[in-house]
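What follows is the residue order along each chain.
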Amino acid sequence: MFRCAFLILFLALGNELHLSHGTEVSVNNTENKLCLYANLMVNFSVTYEVGVNKNETVLFVLPENVTTEGSTCDNTTSTLKLSFGDGHSWTVEFAIKNKTYQVDTIVFSYNLNDSSVFPNSTSNETMSVTGKSIITNVSVDTYYSCKSEDVLTVESVIQTLYDVALQAFVINGSKSDKDTVCSADMTSTTVAPTTTVTTTAAPTSTPTLPTPTTGKYSITPDVNSTACLIATFGLRIGYKQGDKEETINLVPNMTEVGGACRANSSDLKLTSDTINITFTFSNDGKKFHLHALNVTVIPATGATVVAANTNMSIWAAAVGSSYMCNKEQTLNVTDTLTLYTFELRVQPFEVNKGEFATAEDCQDDTTESWLVPIAVGVAMTLLVLIVLVAYFIGRKRNQGTGYEHF
């Protein structure tokens, strides 16, 4: 079974990953005037090797205590570099265009030789990943404000930004009182990251929607290759809008498929006008499982809902086989968002000729398959016992009556 150890670094009270504090920094220019300001929260999820075909995943947060050495400001570009711990850094590159500015790239560097964060790592290298952010079109002399999550997935690293207040190209050394609010906050209800996941065999309420259409999805590395990940399932998402519970189905023929296949992890990304969802699978060389989910629901009316869970260990099967569950399954991603799957079958590793290998059934299907004959056998046994008991009681009474008349 995949070993997944989670090291949570907390620099404030509380034991949840969604912390009550933020990382607040100010950067001054050569004239000792404020030129960059940030107050934000960042969660990191990093998967790394601890042995041959063995991975572990560590979760930690951007701490309060960071240094800004290496940060720079000028008229057209700015750099915010936050260094922390033993050789880790998080760097944001800004660029200005006319009357707006944006984040061009986010670079996260992490030192695998830091055993306090990456215990048992087989590497002592400092790794870096570079990703694009959705922070764009921020009006000059305003700060960017976003309470909602911005999830950035690059290779084996997931970065989640939230509660962000960020201003580059500060004018006259004073942070602006005006903000540019992210689009997600204009209509969104943000779901904090959680590390709790439970599964049940059936939904707690009868869905009002029809059963979702079963979609067939596959990831192909290039046009000359066969699929490296294949999946079929119907998908429904339940979510809360205030006190009201809503449901929405994923429509396969209106969904774009993306993702990537790697040696120890694979991603399946499904995108439609109403649902964006990323499934991240991991394997330890022997077994694979669903490790993380990132979900965004954009309903026709009401608030956008964002949820993420990077502490999962479900849909497990041997590498080289597929996982199958014909029953409806219920997966509680967060307190306010639930996934329902129908006719599920997935194989994220070692796909041969684009076809599913032998399937390992989910526990519910397996249980049902042997419970039914056992239940029938027990019922037949009880019926035979009842008939025998009735026969002997009747016989004894008849014998007693015969003696009495004799």
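Source: prediction; values computed, not measured.

Asks: Which parts of the structure should I look at to understand the pattern of salt bridges?
Replies: Pairing is possible between side chains that carry opposite charge, provided their charged atoms lie close to one another. Following the criterion strictly, the structure yields two salt bridges and no others. E246 is the salt-bridge partner of K244, the closest N and O atoms lying 3.4 Å from each other. For K244, a relative accessible area of 52% puts it in the exposed group. Across the pair D267 and R262 runs a salt bridge, and its minimum N-O distance is 2.9 Å.

Asks: How should I be thinking about unusual backbone geometry in this particular structure?
Replies: Most peptide bonds adopt trans geometry, and most residues besides glycine take a negative phi value. Residues other than glycine seldom take positive phi values, yet N137 does so here, at roughly 55 degrees. The topology assignment puts N137 in the loop between β8 (126–131) and β9 (138–139). For N137, a relative accessible area of 53% corresponds to the exposed category. One non-glycine residue, W315, lies in the positive phi region at around 55 degrees. Residue position: W315 is located in strand β24 (residues 314–318).

Asks: Before we go on, may I ask you to explain the packing of aromatic side chains in this structure?
Replies: One pass over the full model with this rule turns up 16 aromatic pairs. Between Y48 and F118, the aromatic rings sit 5.2 Å apart at their centres with planes inclined by 85 degrees, giving edge-to-face as the arrangement. Taken together, the residues Y48 in strand β2 (residues 34–51) and F118 in the loop between β7 (100–111) and β8 connect sequence positions 70 residues apart. Assessed through its relative accessible area of 6%, Y48 is described here as buried. You can call F118 buried: its relative accessible area is 1%. The ring of Y143 has K175 sitting right over it, with the charged end atom 3.8 Å from the ring centre.

Asks: Hey, could you run me through the environment of G285 in this one?
Replies: By secondary structure assignment, the location of G285 is in the loop between β21 (275–283) and β22 (287–297). Between the C-alpha atom of G285 and that of A318, which follows or precedes it by 33 residues, the distance is 8.6 Å. If sequence neighbours within four positions are ignored, G285 has contacts with N53 and V319.

Asks: Which parts of the structure should I look at to understand the nonpolar core?
Replies: Side chains that are nonpolar tend, in soluble globular proteins, to be buried together. In terms of nonpolar packing, the biggest core is built from 43 residues, with F60, L80, W90, F94, F108, F118 and L166 touching the most fellow members. Sorting elements by how many residues they give to this core places β2 first, with nine residues. Those residues in contact with L166 that sit more than four places away from it in its chain are Y37, A38, L80, F94, Y101, V103, I135, Y143 and Y144. Counting residues in hydrophobic clusters, the runner-up holds 39 residues, among them F279, Y323, C325 and L331.

Each value, and the rule that gives it
- Residues numbered from 1 in each chain as written.
- Predicted model: local features only at pLDDT ≥ 70, side-chain atom pairs only at ≥ 80, totals over all residues.
- Heavy atoms only, no water.
- Salt bridge = Lys/Arg side-chain N within 4 Å of Asp/Glu carboxyl O.
- Buried < 20%, exposed > 50% of the residue type's maximum accessible area, 1.4 Å probe, protein only.
- Helix = DSSP H or I, 4+ residues; strand = E, 2+ residues; numbered from the N terminus.
- Phe/Tyr/Trp six-rings, centres within 6.5 Å; stacked < 30°, edge-to-face > 60°.
- Lys NZ or Arg CZ within 6 Å of the ring centre and 35° of its normal.
- Contact = heavy atoms within 4.5 Å.
- Core = buried A, V, L, I, M, F, W, Y, C linked by side-chain atoms within 4.5 Å.

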